[in-house]
Amino acid sequence: MKVEFSAFPRAFSGNLAVFVAADKQLSASAQAVDKTVDGAVARGIGASRFSGAKGQSLTLLGQSGGVVRLTLLGVGKARELDARAAEALGGILAADANAAGQKAVAVAVDAVKGSRLTPGQIAARIALGAQLRNYRFDKYKTKDKPEQKHSLEQITIFVAGPAEARRVHERLAPTIDAVFFARDLVSEPANVLYPAEFARRARDLGKLGVKVEILGEAEMKKLGMNTLLGVGQGSERESQLLVMRWMNGPKNQKPVALIGKGVCFDTGGISLKPAGGMEDMKWDMGGAGAVTGAMRLLAGRKARVNVVGVCALVENMPDGNAQRPGDVVKSMSGQTVEVINTDAEGRLILCDAMWYAQEKYKPQAMVELSTLTGAIIVALGHERAGLFSNNTALSNKLRAAGAGIGEKLWRMPLGPKYDKLIDSDIADMKNVGSGRDGGSITAAQFLQRFVQDGVAWAHIDIAGVAWSSKGDSTTPKGATAYGVRLLDAWIAETYER
Ligand code: BES
Ligand code: MN
Ligand code: ZN
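Residues numbered from 1 in each chain as written. Chains lettered and ligands numbered in written order. Predicted model: local features only at pLDDT ≥ 70, side-chain atom pairs only at ≥ 80, totals over all residues. Heavy atoms only, no water.

Helices and strands together make up the secondary structure of the protein, namely 15 helices and 20 strands. Its C-alpha atoms give the protein a radius of gyration of 24 Å, within 12% of the compact-globule value 23 Å for 497 residues. Taken along the three principal axes of its C-alpha coordinates, the protein extends 80 × 50 × 45 Å. Counting across all 497 residues of the protein, residues that qualify as buried make up 57%. Expressed as a percentage of contacts within the protein between residues at least 6 apart in sequence, the contacts between residues at least 24 apart total 77%. For the protein, the distance from the average position of its 63 positive side-chain charges to the average position of its 51 negative side-chain charges is 6 Å. (Helix = DSSP H or I, 4+ residues; strand = E, 2+ residues; numbered from the N terminus. Rg over C-alpha atoms; globule rule 2.2 N^0.38 Å. Buried < 20%, exposed > 50% of the residue type's maximum accessible area, 1.4 Å probe, protein only. Contact = heavy atoms within 4.5 Å. Lys, Arg positive; Asp, Glu negative; His and termini not counted. Charge placed at Lys NZ, Arg CZ, Asp CG, Glu CD.)

Bringing the coordination of the manganese ion (ligand 2) into the picture now. Tetrahedral coordination by four donors sets the ideal angle at the metal to 109.5 degrees; octahedral coordination by six donors sets it to 90 or 180 degrees. Looking at the manganese ion (ligand 2), the protein donor atoms are D266 (OD), D343 (O), D343 (OD) and E345 (OE), and they sit 2.1 to 2.2 Å from it. Coordination geometry of the manganese ion (ligand 2): the 6 donor atoms subtend angles of 70 to 165° at the metal centre, consistent with an arrangement described as irregular. Mapped onto the polypeptide sequence, the residues donating to the manganese ion (ligand 2) form the spacing pattern D-x76-D-x1-E. (Donors = N, O, S within 2.8 Å, 3.2 Å for Na, K, Ca; no water. Tetrahedral: all angles 85-135°; square planar, octahedral: opposite > 155°, others 65-115°.)

Turning next to the pattern of salt bridges. Counted according to the given criterion, the structure contains 21 salt bridges. A salt bridge links D343 to K273; its shortest N-O distance comes to 2.9 Å. With D343 in the loop between β13 (336-338) and α10 (346-361) and K273 in the loop between β10 (256-266) and α9 (286-300), the pair connects residues that are 70 residues apart, well separated along the chain. Relative accessible area serves as the criterion here: at 21%, K273 is assigned to the partly exposed category. Via salt bridges that share partners, K139, E188, E197, R200 and R201 belong to a single interconnected network. (Salt bridge = Lys/Arg side-chain N within 4 Å of Asp/Glu carboxyl O.)

Geometry of a packed helix pair, given as the angle between the helix axes and the separation of the axes. Contact geometry for helix α4 (residues 119-133) and helix α5 (residues 162-187): axes closest at 9 Å, N-to-C directions at 20°. One way to sum up the angle between α4 and α5 is to call them roughly parallel. In this structure, the crossing between α4 and α5 has a hand that is right-handed. Across the interface between the two elements, G120, Q121, A123, A124, R125, A127, L128, Q131 and L132 from α4 touch E164, A165, V168, H169, L172, I176, V179, F180 and R183 from α5. Split into classes, the residues belonging to the contact of α4 with α5 amount to 11 nonpolar, 4 polar and 3 charged. (Axes fitted to C-alpha atoms, helices over the stretch in contact; angles between N-to-C directions. Parallel < 35°, antiparallel > 145°, perpendicular 65-115°, else oblique. Left-handed = near helix turned anticlockwise from the far one by under 90°. Nonpolar A, V, L, I, M, F, W, Y, C, P; charged D, E, K, R; others polar.)

With that out of the way, let us pick up the pairing of strand β9 (residues 240-247). Among the 8 residues of β9, 6 are classified as buried, and the element is accordingly described as predominantly covered. By the bridge criterion, 5 bridges tie strand β8 (residues 211-215) to β9 in an arrangement that is antiparallel. Within β9, the residue paired with V212 across the bridge is M244. As judged from the 8 bridges shared by β9 and strand β11 (residues 306-316), these two strands associate in the antiparallel manner. Within β11, the position partnered with Q240 by the bridge is L313. (Pairing = 2+ DSSP bridges.)

On the secondary structure map, S424 appears in the loop between α13 (416-420) and β17 (429-430). At 3.0 Å, the side chain of S424 forms a polar contact with the backbone nitrogen of A427. Apart from residues no more than four positions distant in its own chain, S424 is found in contact with E338, M429 and K430. (Polar contact = N/O pair within 3.5 Å; in protein donor to acceptor, adjacent residues only side chain to side chain.)

Moving on: α4. At 3.6 residues per turn, the α-helix brings residues three or four places apart onto the same side. Under the 1.5 Å per step criterion, the end-to-end length of α4 is 21 Å for 15 residues, consistent within 8% with the ideal 21 Å. For α4, the set of buried residues is G120, I122, A123, A124, I126, A127, L128, G129, A130, Q131 and L132. (Expected span 1.5 Å × (residues − 1).)

To continue, consider the coordination of the zinc ion (ligand 3). Protein-derived coordination of the zinc ion (ligand 3) comes from K261 (NZ), D266 (OD), D284 (OD) and E345 (OE), at a distance range of 2.0 to 2.4 Å. In this structure, the zinc ion (ligand 3) is surrounded by 6 donor atoms whose angles at the metal cover 78 to 173°, and the resulting shape is octahedral. Donor residues for the zinc ion (ligand 3), ordered by position in the chain, follow K-x4-D-x17-D-x60-E. A gap of 3.2 Å separates the zinc ion (ligand 3) and the manganese ion (ligand 2), which D266 links by coordinating each metal. Separated by 61 residues along the polypeptide, D284 in the loop between β10 and α9 and E345 in the loop between β13 and α10 bring together distant segments of the chain. Considered together, D284 and E345 belong to a single accessibility category, that of buried residues.

Moving on to the site of ligand 1. Around ligand 1 lies a shell of 16 residues, among which K273, D284, D343, E345 and G374 are the nearest. One of the backbone nitrogen or oxygen atoms of G374 is found 2.7 Å away from an oxygen atom of ligand 1. Protein contact buries 76% of the 510 Å² of open area that ligand 1 shows by itself. With respect to the pocket detection grid, ligand 1 is positioned in the largest pocket. Here the shell around ligand 1 is composed, by residue class, of 6 nonpolar, 4 polar and 6 charged. (Near = heavy atom within 4 Å. Areas by Shrake-Rupley, 256 points an atom, 1.4 Å probe, with all protein chains shown as cover. 1 Å grid on protein atoms, 1.4 Å probe; cavity = no way out; pocket = protein on both sides within 12 Å on 5 of 7 lines; lining within 4 Å. Sits in = over half its atoms within 2 Å of the grid points.)

A few words on unusual backbone geometry. Of note, K302 is a non-glycine position whose phi angle comes to about 55°, a positive value. With respect to the secondary-structure elements, K302 resides in the loop between α9 and β11.

With that settled, consider the domain arrangement of the protein. Domain annotation for the protein reports domain 1 (2-171) and domain 2 (193-495). Computed from C-alpha coordinates alone, the two centres of domain 1 and domain 2 are separated by 38 Å. Contact residues are listed per partner, giving 11 residues for domain 1 and 10 residues for domain 2. For the pairing of domain 1 and domain 2, the buried interface totals around 850 Å² over both sides, and the portion due to carbon and sulfur atoms is 47%. For domain 1, the biggest contributors to the area lost against domain 2 are R84, L132 and R133; these three give 60% of the whole. Applying the counting criterion to the domain 1 and domain 2 interface returns 1 salt bridge. Note that R485 is salt-bridged to E87, the shortest N-O span being 2.9 Å. Taken together, the connections running from domain 1 to domain 2 amount to 5 residue pairs in polar contact (both at pLDDT 80 or more). (Domains from an automatic or database assignment. Buried area = accessible area lost by both parts, 1.4 Å probe.)

With 15 residues, α9 should cover 21 Å at 1.5 Å per step; its first-to-last C-alpha distance of 20 Å lies within 8% of that length. With 13 of 15 residues buried, α9 lies mostly within the body of the structure.

In structure tokens, the structure reads:
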């Protein structure tokens, strides 16, 4: 989609959106247009429930004169108009334009007195929101009729000081690239995106200066990564460990480690999942998608930090050679695991990836993302990811970063009583608790047993947020790329200032 920032024109025409603040306060542009459309704005508001509240919109059609299609965008109270709210306005515009089959829209960004944002920042965020919302994974659609395709091709943003808007928007370009990259990875079906193919696509980050290294099964075997290998053992596809390094920070700065669950397809293995909805398990690599997307974003904007991303890429299949319930496996850490349920595979691959990252890179902090448990969806639904951590400062930073860009978190408990639930009779631990109670917590306790002393660690269970069946302001339905912007914002706010 083409984005243009321009000074206000002498007269408006075409498809135009204007701001209306809370309590029907028309912006200067809304007032100006109202005159050219013969008072239709005031009449339209009078004949609807539109009040200018944040997120409302009202489209008035078929005006005579220059502006034919006029959209009133509710910006609410001035202090509510933050970056995220401005992005949502862009999202509304894009969705509305596509629904109406429009190719181009313009929006007049009047100064909003009392907002923390300058008009240039508001303009740039509106563009970003429209672009993020305009994403569509349609590479396998060969028969779409024109009216089924996205129509929106161009957004023009009128703002006093378009140069500032352009500057801010240019800095956001890597965000769009990275989010789309991650959404593509997560959307791809598992016959196309298997571990080696995921790794191949990640190799592309080399162009941005990321050092990409890929370990195969033989190398992992040598390192003793048996819990990871056990999960992939029933698959025809080779398991991979994807290691991405972006070391652009101070020489003496210990790196941050990002770890991602990359189960390219999760059948459950011998503990086979039921057929209904199993196709969803193509996005069981959403954690790895987010980590890889975040690496792309950090490199794309040349972040001044040292970060290493490690993704465990496997396919969990039932097979004559598959791992069995009851098998005992030794992890890279030396701890042994009794595999009670082969469907609790995420923790088995993550514990080796985490151990590898800590042994090799001695990170100061380690944040891991995974579509780990159905239980987190029961607990938190699709609004928030579950956050587990051994460090309150880290938790607070992550929550603040998430709140700022609209990827919300909720901190969940950990503790010795929960930890006890995964003790095994014949090995150091088992991979599930007894019964389903507290299933997300016992999964987190398992992971915590692989955190080395002194490492600030967080586990983010994204099972409920990696995919959206409804979509929202800046995310069409499907892969959300949850985590890409969260990790980037957290790193920017914690290590780059
Ligand atoms: N990938 C699933 C978790 C999941 C479920 C993600 C639904 C997204 C949507 C994970 O590997 C899994 O199967 N977890 C089991 C754990 C159980 C066997 C202890 C679960 O949640 O049922
Ligand atoms: Mn599973
Ligand atoms: Zn899984």
